[in-house]
Amino acid sequence: ELEPRVARREEAVQVEFGTQARVKVERLESFIAAEGASLSDVIKTTIFLPDFANYQGMNEVYREYFSDQPPARATVGAKLVRDEWLVEIEALAVV
């Protein structure tokens, strides 16, 4: 049984949504790679968006990384811990 992984607190950087979303997915990818898995092992994600104006942008980024058989996904409107965060991603992977 794997322990949940949590990203370390990062310095806040103001970037556009697509860049921030890609960074979040790439960090997720590195976390699960450390356990010998890949994005193809992800079975469900929950996307937290403080602004649903970014919903379409999230769809575009999601398709870049999960193009063949995307995992189940829920997208939730939520106030995030830091105002400069435009997206958070929670994922479940089978390893």
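The structure presented is a predicted model; accordingly, all values stated were derived computationally and were not measured.

### Regarding the overall build of the chain
For the chain, the count of helices and strands is two helices and three strands. Beginning at the N terminus, the succession of helices and strands in the chain can be written as α-β-α-β-β. Classification of the 95 residues of the chain by burial places 29% in the buried group. By sequence separation, contacts in the chain at least 24 residues apart represent 80% of the contacts at least 6 residues apart. Accessible surface for the chain amounts to roughly 6,300 Å². Of this, 50% is attributable to carbon and sulfur atoms.

### Side note on the side chain of Arg82
As for its position among the elements, Arg82 is in the loop between strand S2 (72-77) and strand S3 (88-93). Among the residues examined, Arg82 registers a relative accessible area of 19% and is labelled buried. For Arg82, the side chain forms a polar contact with the side chain of Glu84, separated by 3.0 Å.

### Quick notes on the nonpolar core
Among the nonpolar cores identified, the biggest contains 15 residues, and Phe17, Ala21, Ile32, Leu39, Ile47, Met58 and Val87 are the most heavily contacted of them. Listed by contribution, the elements that provide at least two residues to this core are helix H1 (17-33), strand S1 (42-49) and helix H2 (55-65). If one sorts the elements of this core by residue count, H1 sits on top with five residues.

### Overview of the pattern of salt bridges
Evaluation of the coordinates by the stated rule reveals four salt bridges. A salt bridge links Lys24 to Glu88, with the nearest nitrogen and oxygen atoms 2.6 Å apart. Pair noted here: Lys24 is in helix H1 and Glu88 is in strand S3, with a separation of 64 residues, a long-range link. For Lys24, a relative accessible area of 11% translates into the label buried. Owing to a relative accessible area of 23%, Glu88 belongs among the partly exposed residues under this scheme. The shortest N-O distance in the salt bridge between Asp83 and Lys79 comes to 2.6 Å. With a relative accessible area of 68%, Lys79 lands in the exposed category.

The rules behind each value
Residues numbered from 1 in each chain as written. Predicted model: local features only at pLDDT ≥ 70, side-chain atom pairs only at ≥ 80, totals over all residues. Heavy atoms only, no water. Helix = DSSP H or I, 4+ residues; strand = E, 2+ residues; numbered from the N terminus. Buried < 20%, exposed > 50% of the residue type's maximum accessible area, 1.4 Å probe, protein only. Contact = heavy atoms within 4.5 Å. Areas by Shrake-Rupley, 256 points an atom, 1.4 Å probe, with all protein chains shown as cover. Polar contact = N/O pair within 3.5 Å; in protein donor to acceptor, adjacent residues only side chain to side chain. Core = buried A, V, L, I, M, F, W, Y, C linked by side-chain atoms within 4.5 Å. Salt bridge = Lys/Arg side-chain N within 4 Å of Asp/Glu carboxyl O.

Note that all results are geometric; they support no functional claim without further evidence.
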